[in-house]
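Remarks on the overall topology
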Amino acid sequence: MSVAKPLRIGIAGLGTVGGGVLKLLASHGELLTQRTGRTLQVTAVSARDASRDRGVDLSSVRWYQDAAALAVDPEIDVFVELIGGSDGIAKRAVEAAIAAGKHVVTANKALLAHHGSALATAAESAGLTLAFEAAVAGGIPAIKGLREGLAGNNIREVHGILNGTCNYILTEMRTTGRDFADVLADAQRLGYAEADPSFDIDGVDAAHKLAVLTAVAFGTKVDFKSVHVEGIRHISALDINYAQELGYRIRLLGIARRTEAGIEQRVHPCMVPTNSPIGATDGVFNAVVADGDFVDKVVLVGRGAGAGPTASAVVADLVDIARGRSTPTFGVPAEQLAPLVSSPISRRQGRYYVRLMVVDRPGVIADIAATLRDQHVSMEAFLQRGRSPGEAVPVVWTTHETDEAAMQSALAAIGALDAVLEPPRMIRIEDF
Ligand code: NDP
Ligand code: HSE
């Protein structure tokens, strides 16, 4: 009986994810050989610090200081990029690997969001695989789910919780009352956050992932620039409590939707019903909901960050490569990806939550209501608790379905009223 050749793997980046991949391959070697008919063998690695203990024995593995040199090592078949960053060494190394005829596996959504279409074209024209299951939603097989499992559908929409750090922060703030900064430090310690955590909390990481998901869902070029991005820095304990009282949870969501005007891509905090699948997804868990014309809605939930879940996704890609299974990077050949026609957020139609801090004095609410009337924004519910004449009190309302553009005009006018002490806080309501 002939024995298939081992799949020789070079891994650049041995941090949270790289360390997780090394451990998974070391612990499940036999299982993976059974499943692929080949040994998955790490032959070379690269990181900055050669002296650091990575938790597995690397004494028989070649060490490279330069990840781009590892990428062209003649003794590897697959280059696994787990360094991070949209440019710099990660990009140079991936390009070098493709030029040298190596398959590439990466968890780097920043790289894909900025250069995904070009890298896919380069890989496909060389007959190579560029695989990135780990780049979107951690351990959830969201890419394979959408690209393979739902290949028979026209996708109408894909949305979800795409950042584990933000969901962890929002959940901990709600359930424990802890401070934003304190919970963020926890997420960093647990290996959830990006090297620069502002990518998480400002929505950029979720936007990177959404841009990649959009390409897979709609067969368009990756278009990060047209994603509308807002983060969670301004979400306060007050808003989290009001959301709870109104029957909502606050989530940072990524939403990509096909509309008559084009494809909407937006990342921002949303209020969603508490008992919806998204509303029920707490902590570091992510949820991805795809809506296909034949299948209807499919919901995938799982851990969105951390060593184990992300390693699971990286190794799933390695298993595909070991089996010789190849799929166009974004579901249709890269050369056929269509330019994305973007529908801006100003065209959104939906409901809104607004909170103001106002001076408690007669006439303030009448002024607010007049501004909403002038912009044809209809109030659904209104809440003012407590009484502190002459002092600051919170005022909260939700709207019926309205235009984003009208809402923004109303907020600008309301924010300029004398009695309004802080910029209005607005959160979009999505009835998923
Ligand atoms: P870490 O910061 O934990 O690890 C980064 C690794 O890259 C380290 O081993 C570091 O070396 C190495 N490195 C940095 N610069 C270089 C360089 N110039 N040459 C070679 N190696 C270098 O990051 P993560 O593991 O968290 O993330 C890696 C990638 O995976 C990123 O793209 C991230 O966005 C993505 N990702 C992360 C997830 C997570 O939960 N953490 C989940 C999904 C994707 P050294 O150890 O010596 O410092
Ligand atoms: N920083 C990312 C997150 C890692 O928190 O979701 C997973 O991509």
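The rules we used
- Residues numbered from 1 in each chain as written.
- Chains lettered and ligands numbered in written order.
- Predicted model: local features only at pLDDT ≥ 70, side-chain atom pairs only at ≥ 80, totals over all residues.
- Heavy atoms only, no water.
- Helix = DSSP H or I, 4+ residues; strand = E, 2+ residues; numbered from the N terminus.
- Buried < 20%, exposed > 50% of the residue type's maximum accessible area, 1.4 Å probe, protein only.
- Lys, Arg positive; Asp, Glu negative; His and termini not counted.
- Salt bridge = Lys/Arg side-chain N within 4 Å of Asp/Glu carboxyl O.
- Polar contact = N/O pair within 3.5 Å; in protein donor to acceptor, adjacent residues only side chain to side chain.
- Near = heavy atom within 4 Å.
- Areas by Shrake-Rupley, 256 points an atom, 1.4 Å probe, with all protein chains shown as cover.
- 1 Å grid on protein atoms, 1.4 Å probe; cavity = no way out; pocket = protein on both sides within 12 Å on 5 of 7 lines; lining within 4 Å.
- Sits in = over half its atoms within 2 Å of the grid points.
- Nonpolar A, V, L, I, M, F, W, Y, C, P; charged D, E, K, R; others polar.
- Disulfide = S-S within 2.5 Å.

One can find K102 in the loop between α4 (88–99) and β5 (103–106). For the buried K102, no salt bridge is present, and the opposite-charge side chain at shortest range is D73, 6.0 Å distant. At 2.8 Å, the side chain of K102 forms a polar contact with the backbone oxygen of D73. Only 2.9 Å separates the side chain of K102 from the backbone oxygen of I76, close enough to count as a polar contact.

Turning our attention to the site of ligand 2. Every residue close to ligand 2 is listed here: K109, N163, G164, T165, Y192, A193, E194, D200, D205, K209, G304 and A305. Here an oxygen atom of ligand 2 sits 2.6 Å away from a polar atom, N or O, in the side chain of T165. In this structure, E194 approaches ligand 2 through a side-chain N or O atom, which is 2.7 Å from a nitrogen atom. Starting from 250 Å² of accessible surface for ligand 2 in isolation, the protein chains cover 94%. Given that more than half its atoms are within 2 Å of the pocket grid, ligand 2 belongs to the largest pocket. Elements supplying a minimum of two residues to the shell around ligand 2: α7 (164–176) and α10 (204–218). Grouping the constituent residues of the shell around ligand 2 by class yields three nonpolar, four polar and five charged.

What follows covers the site of ligand 1. Taken together, 24 residues are adjacent to ligand 1, and L14, D49, R54, E194 and G306 come closest. Within the backbone of L14, an N or O atom sits 2.8 Å from an oxygen atom of ligand 1. Between ligand 1 and R52, the relevant distance is 3.1 Å, taken from an oxygen atom to a side-chain nitrogen or oxygen of the residue. A total of 900 Å² of accessible area belongs to ligand 1 in isolation, and the protein chains cover 85% of it.

Under the criterion given, the structure shown has zero disulfides. Free of any disulfide, C166 has its nearest cysteine sulfur in C270, 12 Å distant. C270 sits in the buried class, given a relative accessible area of 0%.

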